[in-house]
Amino acid sequence: MNTVWEDHRWTGPSHLRGTKRTDVCVIGLGGSGLSAIDSLLDHGINVIGIDASQIASGAAGANGGFLLAGTARFYHQMISTLGHERARQLYLMTLDEIDRMQIEMPDLVRRVGSLRIAMNDAELADCEEQYAVMQRDGLLVEYYDDSEGKGLLIPTDAVFNPLARCRRLAEDCMRRGAQLFEYSAAIDIHTGLVHTEQGIIICKHIVAAIDGKLDLLFPALNQRVRTARLQMLSTVPTTEVHIERAVYARWGYEYWQQLLDGRVALGGFRDHAMELEWTHSTETTDLIQNKLTTFLREHLKVHATIEHRWAASVGYTTSGLPIIEEVMPNVWAMGGYNGTGNVIGALCGCGVAELIAGKIAPIISLLRTLT
Ligand SMILES: Cc1cc2nc3c(=O)[nH]c(=O)nc-3n(C[C@H](O)[C@H](O)[C@H](O)COP(=O)(O)OP(=O)(O)OC[C@H]3O[C@@H](n4cnc5c(N)ncnc54)[C@H](O)[C@@H]3O)c2cc1C
């Protein structure tokens, strides 16, 4: 996909042919599936990973590049879903996951913090509520009133290159013995068996790590997870602005960052065509792209040439929490990160791997008590 992250240097593995046997088959090689594979290898478990297209060809390689602690809902909102103690635990687990990602790939992760910018008084009041609750719970947060507007600064958040991380993780996993296959969609899944067009994988466990379009693979989940399209654009390098941090505005609908080389990447406006954006399509639309262009020019005051426009699929759940579910014996489905899956998706991937290794990861016990 032609995104701000694509460097056209990837020569991935081939597609799957014939019959293979392994302990675990991971379907979907985005950030979550690759984190699961990495963790399975740590436990000495044999693993085969397949992707319908290229590694990280879905949202995992086409996103805004924010590493945000917590879930898609703001911390104080999450408390009403999870309760106080579990919301705090979940927040701390995601903070640890950002730490881990930074330690593993320090050249790809920048701990610059994120901004939540309020676009009106009601949102500013909500920021104040979030500030008070985070302060009370000992989580780092500051008021922000500067070039990007007014709101909150979360100094512990980060930005990264999501595509580069996935590709590096895939290469590491292959070096450590994982067999990965691109252009090998799972077309039929039963306990112990995955069929692709030209191959069969016989395995003890199956993990489907697919955020958007999980409902296509497991139609029984379609009451709980729904696929949406998110759209972005990016510019050529520019010095017109200097945006230091990941910025999240208007209740998180708009988000942007400036890369180190000066390119600006901007996404948002899904709610301006909500019904149309509940779709499995990943084509960009004029309606959303025009909104993004206007915002880039008029709000961000960036007039640099737009280089890329793209869209990808994510899954939204009614609870605001991800799905990790054993949909058939020894078949795990995970996804539905509500537009913010870089950190929690990786955490869930590691959690499922632990479960398969016979341990209960804290993220799994926490989510299992709720879903
Ligand atoms: C425009 C956009 C901006 C975003 N910005 C952010 C952000 O800044 N921060 C953040 O945290 N999150 C963000 N997100 C959400 C985040 O990208 C996702 O939640 C996360 O990447 C999900 O990763 P994943 O590995 O779970 O799933 P996916 O990226 O959906 O990967 C699933 C993989 O499964 C493959 N697949 C699908 N069906 C099959 C099949 N039948 N057989 C085999 N393979 C299959 C796909 O090809 C894909 O490669 C954004 C998403 C989008 C679209």
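Residues numbered from 1 in each chain as written. Predicted model: local features only at pLDDT ≥ 70, side-chain atom pairs only at ≥ 80, totals over all residues. Heavy atoms only, no water.

A. Local environment of the site of the ligand. Contacts to the ligand come from 35 residues, most closely from Ser 32, Asp 51, Ala 60, Asp 211 and Asn 342. A distance of 2.8 Å is found between an oxygen atom of the ligand and a backbone nitrogen or oxygen belonging to Ala 60. Between the ligand and Asn 63, the relevant distance is 3.0 Å, taken from an oxygen atom to a side-chain nitrogen or oxygen of the residue. Elements supplying a minimum of two residues to the shell around the ligand: α1 (31–42), β13 (225–235) and β17 (306–317). Looking at side-chain class alone, the shell around the ligand contains 19 nonpolar, 14 polar and two charged residues. (Near = heavy atom within 4 Å. Polar contact = N/O pair within 3.5 Å; in protein donor to acceptor, adjacent residues only side chain to side chain. Helix = DSSP H or I, 4+ residues; strand = E, 2+ residues; numbered from the N terminus. Nonpolar A, V, L, I, M, F, W, Y, C, P; charged D, E, K, R; others polar.)

B. Highlighting the sheet that holds strand β4 (residues 109–110). Taken together, three strands build an open sheet; the order of strands is β3-β8-β4 and the sheet is antiparallel. The sheet is open, and its two borders are formed by β3 (66–67) and β4, each paired with just one other strand. (Pairing = 2+ DSSP bridges.)

C. Region of the structure containing the domain arrangement of the chain. Along its sequence, the chain is carved into domain 1 (18–62 + 162–223 + 319–368) and domain 2 (110–159 + 226–317). The straight-line distance from the C-alpha centre of domain 1 to that of domain 2 is 28 Å. When domain 1 packs against domain 2, close to 1100 Å² is buried across both sides, 52% of that on carbon and sulfur atoms. Summed over the three residues of domain 1 that lose the most area to domain 2, namely Ala 62, Lys 213 and Asn 338, the buried surface amounts to 38% of that side. Linking domain 1 to domain 2 there are zero salt bridges. The tally of links between domain 1 and domain 2 comes to 13 residue pairs in polar contact (both at pLDDT 80 or more). Looking at side-chain class alone, the side of domain 1 that touches domain 2 contains seven nonpolar, eight polar and three charged residues. (Domains from an automatic or database assignment. Buried area = accessible area lost by both parts, 1.4 Å probe. Salt bridge = Lys/Arg side-chain N within 4 Å of Asp/Glu carboxyl O.)

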